[in-house]
Amino acid sequence: MLKTLDIENIAVIERTSVDFTDGLNVLTGETGAGKSIVIDSINAILGERTSKELVRHGAENAYVSALFTDISENVKEKLIDMGFDCEEDNSLLLARKISALGKSNCKINGKNATVSMLKELGDVLINIHGQHDSQALLNPDFQYKYIDMLFENKSVLDDYKASFRELISVRRQLKALTESEFDKEKELELLDYQIKELEDADIQIGEKDKLNKRKALILKSEGISNALNGVLSALNGDDETAGICSAVDNSFNLLTVFDETKEISEIFTDISDSLEQIKDRIEALFAEIDYDPSELEQIEERLDLLYRFSLKYGTTEEEMIKFLDDAKDKRNKIIYSDKELERLNSEYDSLLEKTVLLADKLSDCRKITAKKFENSVKNELEFLDMPKLQFVVQFDKGNLTSNGYDKIEFLISTNPGEPPKPLSKIASGGELSRIMLAIKNIISRHDTVATLIFDEIDTGVSGRASQKIGLKLKSVSQNTQVICVTHSAQIASNAKSHFLIKKSFDNDRTYTNVTPLDFEGRKRELARIMGGLEITDTLLKSAEELLKNN
């Protein structure tokens, strides 16, 4: 529920804080005192559009914050979906700053947010109903929701929605497959070319690195060959000079004849073995650097091909091979699309039949629920001094949508003998408010929104009707927090918490304050509402009696 509303520099309100309670909260005050400003402030924190004109004259910024407590699971899920953490105490703090330039800065639990995020949260936190703000009730596109809220068995609706989602998924696949044959042929032609080009290239993982190493070796081969030949010449010697190997062998022969030089001769043996290993490695390296003059040209051509392919099919060999595999899969899907199309058509027909049957079942449940709803609304409206009003839930059949095929519209007749007509065309402001109140009382146990706000619900109704509206608001508030802006003493007398909105003047500036009233304060305010200019003892006694009766 809405626990605390803080307002700064909104219109004539410089600064005020309102601590609401559960149950029925009423706001009263003289005309022009600023009751609508409180509602405007709540609308602002719920992400509705605002104007820079809302900022108090002379102030740079306006500020509104709202603290909600005991938030529902529905609100928690919404917060998590939007990327915000839930507080351990189940509280939620929304804040919005509006600059005199018209810019907004929003926060959710202290973290930056957007206006659209506030609006998304506002839809599950508060419902505001004013004399001209009952679009959900007036719009036939939304009236089915009131019926669905009263379902005892939600699985009927859930089963239909699940089947409809499957149907739409298969329909999208069918649409993708039933593209023009020309497009298919063009795509197949391109895929065939790409597959052939990649298969002919026979790309191997790691070959680019191997080719670059081989290229580098070939480019250095002349220098390596000269160096190796020089080493071999030193090792083997020539006609004029004995080589290192010959010198080592001679030294070994000189030392072997003496026992005392045995250790030294063994070292020469190791040296001789190492020299043989060097010659073996030189021969192997000669084999490696031995190449055909055309090999370098072939390597260059292959590297150029890999470069060109990297621009078309992927940077690495792995990416190119994956591109080839994907292209083959696409080609197979197109080639076998006729079979897939046949399978999907069969699946679609089966799902359509299933979905229509579930839509029929859903419609039957709605019609049964609607009859009970009609009777409940009539009983509620009879209590609210509208005994002659007929209320009918009209069903027409439309196309299948995510909500079934039912086109539901609320019809009323306010005069006996007159046929029922759409609610939006003939209901007055006062009638509409009472109808909304009746419906809210019926669905209050099923509605997940924890706070209802009624703005001047008493407009156009008599004192007797006002008293009954007050009793009905009190009844609704047993399950849902209710905040009501009213000019009716009968409605205000039913409140659990009563707030006075009062305007004052100081140094040529206007100030509006919101003050909670105690019993005596409520008595004087009710007397003012009932009497007007002069508050008499008789009015005070009547107000006291009204409060005590409630």
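Focus: helix α2 (residues 73-81)
All of the buried residues along α2 are V75, K76 and L79. Projected onto a plane normal to the axis of α2, the buried residues spread over an arc of 100° and lie on a single side. Opposite the buried face of α2, at more than 90 degrees from it, the exposed residues are E73, I80 and D81. Elements in contact with the buried residues of α2: β5 (92-99), β6 (104-108) and α3 (115-125). Positive backbone phi, approximately 90°, marks G83, located one or two places after α2.

Brief notes about empty space enclosed by the protein
One pass over the full model with this rule turns up two cavities of 30 Å³ or more. Taken together, the residues of the lining of the largest cavity break down into seven nonpolar, one polar and one charged.

With respect to the packing of aromatic side chains
Tallying each qualifying case throughout the model produces eight aromatic pairs. Arranged with centres 5.7 Å apart and planes meeting at 40°, the rings of F373 and F410 form a pair that is tilted. Residue F373 is located in helix α13 (residues 337-383), and its partner F410 is located in strand β10 (residues 404-413); the two are separated by 37 residues in the primary sequence. As far as burial versus exposure is concerned, F373 and F410 are alike and both buried. Its relative accessible area of 0% is what places F410 among the buried residues.

Focus: a negative patch on the surface
Negative charge collects at one region of the surface, where D70, E87, E88 and D89 lie side by side. Tracing the chain through its elements places D70 in the loop between β4 (61-68) and α2.

Observations concerning the sheet that holds strand β11 (residues 421-422)
What the three strands build is an open sheet, ordered β9-β10-β11; its pairing is antiparallel. At either end of the open sheet lies a strand with only one pairing partner, and these are β9 (390-401) and β11. Examined bridge by bridge, β10 and β11 share two bridges and lie antiparallel to one another. Note on β11: the bridge partner recorded for I412 is K421. Along the sheet face, α13 touches β9 and β10 and points at about 170° away from the line of β9.

Digging into the nonpolar core
In this structure, F373, F410 and L473 are the most contacted members of the largest nonpolar core, which totals 58 residues. Of all the elements, helix α15 (residues 429-443) adds the most residues to this core, at eight residues. Once residues lying within four places of it in the same chain are set aside, the contact partners of L473 are L24, L437, F454, I457, V482, C484 and I491. Counting 46 residues, the second-largest nonpolar core is a separate cluster that includes L27, V75, I126 and F499.

Criteria and thresholds
- Residues numbered from 1 in each chain as written.
- Predicted model: local features only at pLDDT ≥ 70, side-chain atom pairs only at ≥ 80, totals over all residues.
- Heavy atoms only, no water.
- Buried < 20%, exposed > 50% of the residue type's maximum accessible area, 1.4 Å probe, protein only.
- Helix = DSSP H or I, 4+ residues; strand = E, 2+ residues; numbered from the N terminus.
- Arc of directions from axis to C-beta.
- Contact = heavy atoms within 4.5 Å.
- 1 Å grid on protein atoms, 1.4 Å probe; cavity = no way out; pocket = protein on both sides within 12 Å on 5 of 7 lines; lining within 4 Å.
- Points joined across faces, edges and corners; volume = space filled by probe spheres on them.
- Nonpolar A, V, L, I, M, F, W, Y, C, P; charged D, E, K, R; others polar.
- Phe/Tyr/Trp six-rings, centres within 6.5 Å; stacked < 30°, edge-to-face > 60°.
- Patch = residues over 30% accessible without salt bridge, like charges linked within 9 Å, V, L, I, M, F, W, Y side chains within 5 Å.
- Areas by Shrake-Rupley, 256 points an atom, 1.4 Å probe, with all protein chains shown as cover.
- Salt bridge = Lys/Arg side-chain N within 4 Å of Asp/Glu carboxyl O.
- Lys, Arg positive; Asp, Glu negative; His and termini not counted.
- Charge placed at Lys NZ, Arg CZ, Asp CG, Glu CD.
- Pairing = 2+ DSSP bridges.
- Axes fitted to C-alpha atoms, helices over the stretch in contact; angles between N-to-C directions.
- Core = buried A, V, L, I, M, F, W, Y, C linked by side-chain atoms within 4.5 Å.

Keep in mind that these numbers describe shape and distance, not what the molecule does.
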